[in-house]
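# Survey of secondary and tertiary structure
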Amino acid sequence: MSVTRYELTVHLKTDSPIHSGGPEEEVDRSRINGGGDDSEGTSTANPGDASQRGDDSKRSWTPRRFSRDGVGNPVLTGRSIKGALRAAVQHLAKADSGDDDGANLDALWGSLDHASALTVHPITLSSVATADKLPLRAGIAVDRYWGTAADTALFAHEIVPQGEKLTLRITATTGSVLTTASSSSNQDGEHPEEDRARRDAEHAKKDTADAANVERLFSVILGALEAGLVSFGKRKGAGWGRVRINHDVAEPWSLKRTQLDSPTGLTTWLDGGKLTRIQAFAVTPPERIRIAIAWNSPTGILVAETKKDEPPRRNDYEPGGELKKTDPTLPLRTHPSTEPKGKSTGPLVIPGSSVRGALRGRASRIARTILYADVDASSKQEPDWSRLDVHKQLADDALLVRLLFGTTAHRGALTVLETLATVAQKDEPKAREVTHNAGDRWTGGVAGGALYSEKFPLVNWNDIRLEVDPQMLLTGVPNGGNIDYQRAALCLLGLVLAELSTGTLPLGSRGTRGMGQVEVTRMRIEGPDGLIAGGKWEFAADGSLSIAEQLLDRLRHINDQIKVDTPEGWSALLNGKGRQS
């Protein structure tokens with residue numbers, strides 16, 4: 001017998017929220033089930049307890065929860081982690097087409113014909129939160145026609161917040177048990193020594209190769225984690241799921257290797273195994289278009305934190321006759337409280353989904369404006385989205401919009417990372433509390449019980465960061481695509497960023513009250529030379545031309561490179577070959 005057992009332990013830290021769901025409750029998205037035409041939230045077949053539903057049963061959600069282990073603790077399942085690691089390693093193997101070991105490493109993951117040599121163990125999240133106390137991050141989808149929160153599109157996810165420590169554990173077994181005398185004997189019961197020696201040599205050679213492949217695979221996995229190529233769970237387009245190796249600990253990773261070919265080896269393994277050195281494989285990150293936008297907001301931006309118990313907007317009098325104070329709407333933080341009246345912690349954050357939604361809404365408007373101009377004047381009729389469900393609206397977007405931002409059927413090529421405030425975590429950021437009241441539409445006076453307040457943070461923000469995967473832009477093109485589709489998608493995204501830099505695209509909520517204005521001071525775009533001439537563009541607001549004008553000048557050069565049979569340039573590919581698809 002020649003069996004070698006490995007155990008790789010890697011200490012990780014989350015760079016963004018993580019959600020990896022388990023079996024979910026069935027959600028009935030019809031408004032009727034929510035209690036009539038006034039339903040505002042996601043109706044549920046099993047709405048859960050009142051703390052999740054709020055006081056108004058019409059406003060309910062079904063949180064998307066983590067998987068649980070046998071005792072109810074939330075976990076990142078081994079199959080989810082293994083899938084993320086395998087996808088990253090295979091992506092690297094495709095990028096390095098000259099790697100002869102790619103097929104050997106791929107075989108270690110297993111297939112329908114043979115089991116995997118690796119066992120990826122679940123990551124227990126009990127150190128992050130208790131079984132029923134994981135933080136929730138809520139969100140909505142905006143109706144593209146009405147511009148308000150869409151019906152049946154209120155949702156929430158349990159999350160592991162940014163900055164949490166996780167421990168990844170992978171075990172592997174290589175080698176084989178040599179054939180026994182009974183199974184390898186000849187008809188006369190004899191065992192020719194030369195046959196036995198040959199078989200032993202073949203087994204030894206294969207066992208040595210398997211062990212080398214396992215160690216190489218572990219090295220590649222470490223390299224992928226070091227390069228930030230591994231993301232766990234869902235909502236990657238919103239920047240979720242990112243992890244990195246935690247170098248704050250003395251030993252970021254360790255590998256134990258023990259041969260189980262003797263009683264001594266078995267004892268060594270049971271005592272914890274024998275440490276062996278392993279280095280992370282030097283990984284070249286895949287080509288991405290990376291965009292960093294330095295900005296500030298002269299009006300302030302509010303992405304509101306969801307209130308745990310959804311208190312009604314009423315301000316009754318205390319027994320002493322004094323008016324109760326309002327419960328202000330607070331800005332979102334990275335670590336939401338798990339208690340109904342608890343205080344959230346961590347830096348202020350603008351979710352990637354919030355910025356991504358604003359960018360998509362504007363991209364969709366630009367695309368529909370261009371496509372509408374193509375319709376014959378005698379038959380001009382804009383598609384009626386007023387009665388379309390928001391998910392059908394997304395699926396009805398132009399092809400380039402879907403390639404960039406995705407749909408419920410497939411992921412888009414654009415990732416928008418979360419944007420944090422620059423205030424140190426130990427310092428309490430300054431905020432401006434604004435009190436409002438609603439007017440009574442009948443009397444024209446102040447409506448009773450309609451006083452409310454909001455806190456707007458007065459902080460500086462880190463850069464807005466976007467990433468585009470050029471190869472993913474081609475996956476959704478019918479009958480395949482070429483670099484022209486990548487260029488056309490970049491033109492569309494560039495037009496959106498130009499509008500953002502002119503201050504005409506607000507971010508966050510309360511935009512109709514003048515909030516959320518954006519003032520871009522600098523923009524940097526890096527990417528492959530075939531798409532970004534020179535590999536890097538930098539625009540600053542202190543020149544003779546505005547950032548939008550500088551960006552549009554570059555986009556004109558990209559548009560000139562698109563080779564199509566129609567004179568419209570990039571816009572001819574909005575819906576594929578020819579705009580009317």
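Residues numbered from 1 in each chain as written. Predicted model: local features only at pLDDT ≥ 70, side-chain atom pairs only at ≥ 80, totals over all residues. Heavy atoms only, no water.

## Some details on the overall build of the chain
For the chain, the helix and strand inventory stands at 12 helices and 21 strands. Counting across all 581 residues of the chain, residues that qualify as buried make up 44%. Of the contacts formed within the chain by residues at least 6 apart in sequence, a portion of 72% connects residues at least 24 apart. Roughly 30,000 Å² of accessible area belongs to the chain as shown, and the carbon and sulfur atoms make up 48% of that amount. (Helix = DSSP H or I, 4+ residues; strand = E, 2+ residues; numbered from the N terminus. Buried < 20%, exposed > 50% of the residue type's maximum accessible area, 1.4 Å probe, protein only. Contact = heavy atoms within 4.5 Å. Areas by Shrake-Rupley, 256 points an atom, 1.4 Å probe, with all protein chains shown as cover.)

## Some details on the side chain of S344
Inspection of the secondary structure assignment puts S344 in the loop between β13 (333–335) and β14 (345–350). Residue S344 is classed as buried on the basis of its relative accessible area of 8%.

## So, the pairing of strand β10 (residues 253–259)
The side chains of a regular strand alternate between the sheet's two faces. Relative to β10, strand β1 (residues 2–14) runs antiparallel, the two being bridged by seven bridges. Note that in β10 the partner of R5 across the bridge is T258. (Pairing = 2+ DSSP bridges.)

## Looking at the confidence of the model for the chain
Residue-level pLDDT values for the chain average 78, and 77% of them are 70 or greater. Between the elements of the chain, mean pLDDT differs from a low of 40, seen in helix α1 (residues 50–53), to a high of 95, seen in strand β19 (residues 464–468). Low pLDDT, under 50, characterises residues 32–57; the stretch is placed with 57 contacts to residues that sit more than four places away or in other chains. Low pLDDT, under 50, characterises residues 179–187; the stretch is placed with eight contacts to residues that sit more than four places away or in other chains. (pLDDT = per-residue confidence, 0-100.)

## So, the side chain of T419
Assignment of secondary structure puts T419 in strand β16 (residues 419–420). For T419, the contacting residues outside a window of four places in its chain are W295, L348, V349, I350, W461, N462, D463 and I464.

## Quick notes on the packing of helix α11 (residues 483–501) against helix α12 (residues 547–561)
Between α11 and α12, the least distance of the axes is 9 Å, while the angle of their chain directions is 165°. Taken together, the axes of α11 and α12 are roughly antiparallel relative to one another. Taken as a pair, α11 and α12 cross one another with a handedness that is left-handed. Of the residues in α12, those touching α11 at D484, R487, L490, C491, G494, L495, L497, A498 and S501 are I547, A548, L551, L552, L555, I558, N559 and Q561. Each residue belonging to the contact of α11 with α12 can be placed in one class, and the counts come to 11 nonpolar, four polar and two charged. (Axes fitted to C-alpha atoms, helices over the stretch in contact; angles between N-to-C directions. Parallel < 35°, antiparallel > 145°, perpendicular 65-115°, else oblique. Left-handed = near helix turned anticlockwise from the far one by under 90°. Nonpolar A, V, L, I, M, F, W, Y, C, P; charged D, E, K, R; others polar.)

## As for the pattern of salt bridges
In the structure shown here, the tally under the stated rule is 18 salt bridges. Note that R257 is salt-bridged to E215, the shortest N-O span being 2.8 Å. In this pair, R257 sits in strand β10 while E215 sits in helix α5 (residues 193–226), placing the two residues 42 residues apart along the sequence. Residues participating in the shared-partner salt-bridge network are R524, E526, K536 and E538. (Salt bridge = Lys/Arg side-chain N within 4 Å of Asp/Glu carboxyl O.)

## Notes on the layout of surface pockets
Here the second largest pocket defines a volume of roughly 930 Å³. Lining of the second largest pocket is provided by 35 residues; of these, G228, L229, R242, R288 and R411 occupy positions nearest its centre. When residues of the lining of the second largest pocket are traced back to their parent elements, those giving at least two are α2 (78–95), β12 (289–296), β19, α10 (472–475) and β20 (519–526). Take the lining of the second largest pocket: its biggest share by element is seven residues, from α2. Among the residues forming the lining of the second largest pocket, the class breakdown is 17 nonpolar, seven polar and 11 charged. (1 Å grid on protein atoms, 1.4 Å probe; cavity = no way out; pocket = protein on both sides within 12 Å on 5 of 7 lines; lining within 4 Å. Points joined across faces, edges and corners; volume = space filled by probe spheres on them.)

## Re the environment of G241
Tracing the backbone shows G241 in the loop between α5 and β9 (243–245). The exposure class of G241 is buried, given its relative accessible area of 0%. Here G241 is in contact with S16, P17, I18, V230, S231 and F232, once residues within four sequence places are set aside.

## Let's talk about the sheet that holds strand β5 (residues 123–124)
Read from one edge to the other, the open sheet built from three strands follows the order β2-β3-β5, with strand pairing classed as antiparallel. Each end of this open sheet is capped by a strand with a single partner; those strands are β2 (67–68) and β5. Across two bridges, the pairing between β2 and strand β3 (residues 74–76) is antiparallel. From the neighbouring strand, R68 faces β3, where its bridge partner is P74.

## Points about the environment of Q471
Along the chain, Q471 turns up in the loop between β19 and α10. Along the sequence, Q471 and N482 sit 11 residues apart, while their C-alpha atoms lie 9.7 Å from each other.

## Structural notes on the packing of aromatic side chains
Taken as a whole and judged by the stated rule, the model has three aromatic pairs. Pairing Y6 with F218 gives two aromatic rings, centres 6.2 Å apart and planes at 75°, and the pair type is edge-to-face. Highlighted residues: Y6 in strand β1 and F218 in helix α5, separated in sequence by 212 residues. By the burial criterion, Y6 is buried, and F218 matches it. (Phe/Tyr/Trp six-rings, centres within 6.5 Å; stacked < 30°, edge-to-face > 60°.)

## Quick look at the sheet that holds β13
Read across the sheet, three strands follow the order β13-β14-β16 without closing on themselves; strand pairing throughout is antiparallel. Every other strand in the sheet has two partners, leaving β13 and β16 as the edge strands with one partner each. Pairing analysis gives two bridges linking β13 to β14, with the strands arranged antiparallel. Along β14, the bridge assignment pairs H335 with T345.

## Some points on unusual backbone geometry
Its identity is not glycine, yet R235 carries a phi of approximately 55°, on the positive side. Take R235: it is sitting in the loop between α5 and β9. Under the relative-accessibility criterion, R235 is labelled partly exposed at 26%.

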